[in-house]
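One letter stands for each residue in the lines below.
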Amino acid sequence: MTIQPTNTALLDWTGDTLAVGLFEDAVDLTGDLAILNDNLGGLLKELIAEEEFTGKANSTIVARVGAGHPVRKVILVGLGKPDALKLETLRCLAATVARTAKKQKTKTLAISLPVWNNDQAATGQAIAEGTQLALYQDIRFKSEPEDKNPPIETIDLLGLGGQEAAITRAEQIVSGVILARQLVAAPANAVTPITMAETAKAIAKDHGLHLEILEQEECEKLGMGAFLGVAQASDLPPKFIHLIYKPATTPKRKLAIIGKGLTFDSGGLNIKGAGSGIETMKIDMGGAAATLGAAKAIGQLKPDVEVHFISAVTENMISGRAMRPGDILTASNGKTIEVNNTDAEGRLTLADALVYADKLGVDAIVDLATLTGACVVALGDDIAGLFTPDDAVASQLQTASESAGEKLWRLPMEEKYFEGLKSGIADMKNTGPRYGGSITAALFLKQFVKDTPWAHLDIAGPVWADKENCYNGAGATGFGVRTLVNWVLS
Ligand code: BES
Ligand code: MN
Ligand code: ZN
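Under the annotation held in an unreviewed UniProt entry, the protein chain carries the name Probable cytosol aminopeptidase and is attributed to Nostoc azollae. For the record of the protein chain, the UniProt heading Function (unreviewed entry) holds the text "Presumably involved in the processing and regular turnover of intracellular proteins. Catalyzes the removal of unsubstituted N-terminal amino acids from various peptides." If you open the UniProt record of the protein chain and go to Subcellular location (unreviewed entry), you find "Cytoplasm".

In terms of helices and strands, the protein chain carries 14 helices and 20 strands. Scaling as 2.2 N^0.38, a compact globule of 490 residues should have a C-alpha radius of gyration of about 23 Å, and the protein chain matches this with 24 Å. Along the longest, intermediate and shortest principal axes, the C-alpha atoms of the protein chain span 85 × 55 × 45 Å. Counting the 490 residues in the protein chain, one finds 56% classified as buried. A sequence separation of at least 24 residues applies to 78% of the contacts in the protein chain between residues at least 6 apart. Just so you have it, the protein chain exposes about 20000 Å², and 50% of that area is on carbon and sulfur atoms. For the protein chain, the separation between the mean place of its 46 positive charges and that of its 59 negative charges on side chains is 3 Å.

With that settled, the discussion passes to the layout of surface pockets. Taken as a whole, the largest pocket spans an internal volume of roughly 1000 Å³. Looking at the largest pocket, it is lined by 40 residues, and the ones nearest its centre are Lys272, Leu371, Thr372, Gly373 and Ala374. Contributions of two or more residues to the lining of the largest pocket are made by helix 11 (373-379), helix 13 (437-446) and strand 19 (464-465). If you tally residues by element for the lining of the largest pocket, the top one is helix 11, at five residues. Taken together, the residues of the lining of the largest pocket break down into 14 nonpolar, 14 polar and twelve charged.

Turning our attention to the state of the cysteines. All told, the structure shown has one disulfide when counted by the stated rule. Across a sulfur-sulfur distance of 1.8 Å, Cys92 and Cys470 are joined as a disulfide pair. Judged by the sign of its S-S torsion, about -75°, the cystine formed by Cys92 and Cys470 is left-handed. A residue pair is termed long-range when its members are at least 10 positions apart, and Cys92 in helix 3 (residues 87-103) and Cys470 in the loop between strand 19 and strand 20 (475-476) qualify at 378 residues. On the accessibility criterion, Cys92 (6% relative accessible area) is buried. You can call Cys470 partly exposed: its relative accessible area is 21%.

Donor atoms from the polypeptide that coordinate the manganese ion (ligand 2) comprise Asp265 (OD), Asp343 (O), Asp343 (OD) and Glu345 (OE), at 2.0 to 2.2 Å from the metal. Here the manganese ion (ligand 2) binds six donor atoms, and the angle range of 71 to 166° at the metal identifies the geometry as irregular. Spacing between the donor residues of the manganese ion (ligand 2) along their common chain follows D-x77-D-x1-E. Separating the manganese ion (ligand 2) and the zinc ion (ligand 3) is a distance of 3.2 Å, and Asp265 donates to both of them. You can see Asp265 sitting in strand 10 (residues 261-265) and its partner Glu345 sitting in the loop between strand 13 (336-338) and helix 10 (346-358), a full 80 residues away along the chain. Taken as a pair, Asp265 and Glu345 share a single burial class, namely buried.

Here we come to the sheet that holds strand 17 (residues 428-429). Strand pairing in a sheet takes place through backbone hydrogen bonds and is either antiparallel or parallel in direction. Spatially, the three strands line up as an open sheet ordered 12-13-17, and their pairing is mixed. Each edge of the open sheet is held by one strand with a lone partner, namely strand 12 (328-330) and strand 17. Across two bridges, the pairing between strand 13 and strand 17 is parallel. Following the sheet pairing, Glu338 is matched in strand 17 by Lys429.

Right, let's talk about the pattern of salt bridges for a bit. This model, assessed by the stated rule, comprises 17 salt bridges. Among the ionic pairs, Glu468 bridges to Arg99, the shortest N-O distance being 3.5 Å. Placement of Glu468 in the loop between strand 19 and strand 20 and of Arg99 in helix 3 is noted, with a sequence separation of 369 residues between them. In this structure, Lys239 engages Glu215 in a salt bridge whose closest nitrogen and oxygen atoms are separated by 2.9 Å. Of the two residues, Lys239 sits in strand 8 (residues 239-245) while Glu215 sits in the loop between strand 7 (210-214) and helix 7 (216-221), which places them 24 residues apart along the sequence. Salt bridges linked by common partners bring Glu88, Arg91 and Glu129 together as one network.

To find leftover empty space, a probe the size of one water molecule is rolled over the atoms. A complete count under the given rule lists one cavity of 30 Å³ or more for this structure. Taken as a whole, the largest cavity spans an internal volume of roughly 30 Å³.

Definitions and limits used
- Throughout this description, residue numbers start from 1 for each chain and increase along the sequence as written.
- A letter from A marks each chain and a number from 1 marks each ligand, given out in the order of writing.
- In keeping with the predicted nature of the model, local features appear solely for residues at pLDDT of at least 70, side-chain atom pairs appear and are counted solely at 80 or more, and the whole-chain, interface and lining totals rest on all residues.
- Derived side-chain values reflect all non-hydrogen atoms in the structure, with water molecules and hydrogen atoms excluded from consideration.
- UniProt positions are given in the numbering used here, feature names are shortened, and annotations may be inferred rather than shown by experiment.
- A run of H or I in DSSP counts as a helix once it spans at least four residues, and a run of E counts as a strand once it spans at least two, with each numbered from the N terminus.
- Our radius of gyration is a C-alpha quantity, and the globule rule it is checked against amounts to 2.2 Å times the number of residues to the power 0.38.
- Remark: exposure states derive from per-residue accessible area (1.4 Å probe, protein chains only) relative to the maximum for the residue type, with buried under 20%, exposed over 50%, and partly exposed in between.
- Whether two residues are in contact is decided by their heavy atoms: any pair within 4.5 Å suffices.
- To measure how exposed things are, a 1.4 Å probe is used in the Shrake-Rupley method; for residues, cover is taken only from the protein chains shown.
- Charge assignment in this entry is limited to Lys and Arg as positive and Asp and Glu as negative, and neither His nor the chain termini are counted.
- One atom stands in for each charge, and that atom is NZ of Lys, CZ of Arg, CG of Asp or CD of Glu.
- Cavities and pockets are found on a 1 Å grid laid over the protein atoms alone: a cavity is a set of points where a 1.4 Å probe fits but cannot escape, a pocket is an open set with protein on both sides within 12 Å along at least five of seven lines, and a lining residue has an atom within 4 Å of such a point.
- Grid points are joined across faces, edges and corners, and a volume is the space filled by probe spheres set on the points.
- Gly counts as polar in this scheme, as do all residues outside two lists: the nonpolar Ala, Val, Leu, Ile, Met, Phe, Trp, Tyr, Cys and Pro, and the charged Asp, Glu, Lys and Arg.
- Whenever a pair of cysteine sulfur atoms sits within 2.5 Å, that pair is classed as a disulfide.
- Donor selection uses N, O and S atoms within 2.8 Å of the metal (3.2 Å for Na, K and Ca). Since no water is included, sites may look incomplete.
- Sites are called tetrahedral only when four donors show all angles between 85 and 135 degrees, square planar or octahedral only when four or six donors show opposite pairs over 155 degrees and all other angles between 65 and 115, and irregular in any remaining case.
- In short, DSSP must find at least two bridges between two strands for them to pair.
- Any Lys or Arg side-chain nitrogen located within 4 Å of an Asp or Glu carboxyl oxygen qualifies as a salt bridge.

The structure is reproduced here in structure tokens:
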């Protein structure tokens, strides 16, 4: 599929489907649309009246145009109120248009939407992201595709001539989001620590990043007892992935991104019971998936920022070798942890990844993790929890997430709650009381970062969508990639 920005006028465009946006309560056709309506013998006005179309955001009507006209179909899409128009509205509208056009067996599509905030580049990028993300279908595990409609071949973005660079940027970012979706959606017998390392290798090779994979022995030498404690019951070797993007010139900043990489979380000996969602725990590498997705995008975008992409990848399994509830592990910074619950494993793997990243001398660290069910209880499916003691990093991430269309909500790092992690025998326990569970998890992570500004994103909710929404189909969302890219580019 090719996305082409063009200055072709609406009335001059010829092809299968022309999609045009109309603001709410302003659906009287004027200008080019009035002419188009006349050319079509008043068809558009008739349909607007018949379908009681008011221009409510994301509402659509489709008009089949008779033979002898330059277009086969017209899609009218509601833009909502002019004041409420955001970049995210356009991303979502573009997705609605693309899906509708596909159902209408469109091969060539033109989209005419208003420019947001006089910013043609941001508008072109958002529309291109929305269409591509919406049209992506994961058919890797189907023997036959269910959607029998032909693929859309070209999408012309009317009024955005000259915005080729913005479209390319969108394509590079989307390639990262789709990689993250694919990694999360694939089951744990397809995505393993070994294949995650192979994926990192492919990114390094394709986009010129440097790669280090620390095998188990090297992790042992570094004293990563917390990570290896989690890994010890798995029949698969753990892989500590460290991908490095270095710009050609001196970097203006150095950053580290860490993702929780549990390719499956059974809970360990505190095994997840019926109704716990154990069958969905392939998603527990969503942080690592976002990290690798961001690496793929950054490798193409080539900003003048050095970025380290890190994940301690393993499974949380049971066997005679499994860590027992009550075992004490020593992390690579020397701190000891009483594992009072083997299902709080993500923070154990992150502990060693944070200690490692902290030694790289970066300006800031962000980790992403499907860390706690408690965060889903607090914020629901659509919003990630943001935890950081650093107001500057918090505001950078909030700005980055806003234009990405990915929602974050800052939650407090209430130091007093660390009392819940006090252990009688070790430096700390890995699990506190039920209430405030995502906060104690964040406080646990904080023990493994010295002075580097750091933020933690709990993405347990938004990593997966039960229902289709805007540009996300049901399933893996690729959450985090766009926010990370914006953060690195900021
Ligand atoms: N991977 C889970 C968290 C999770 C839950 C992710 C739901 C996605 C959806 C994590 O390892 C876990 O099991 N957390 C426990 C922590 C508890 C034992 C302190 C939880 O949230 O119940
Ligand atoms: Mn767990
Ligand atoms: Zn987990």
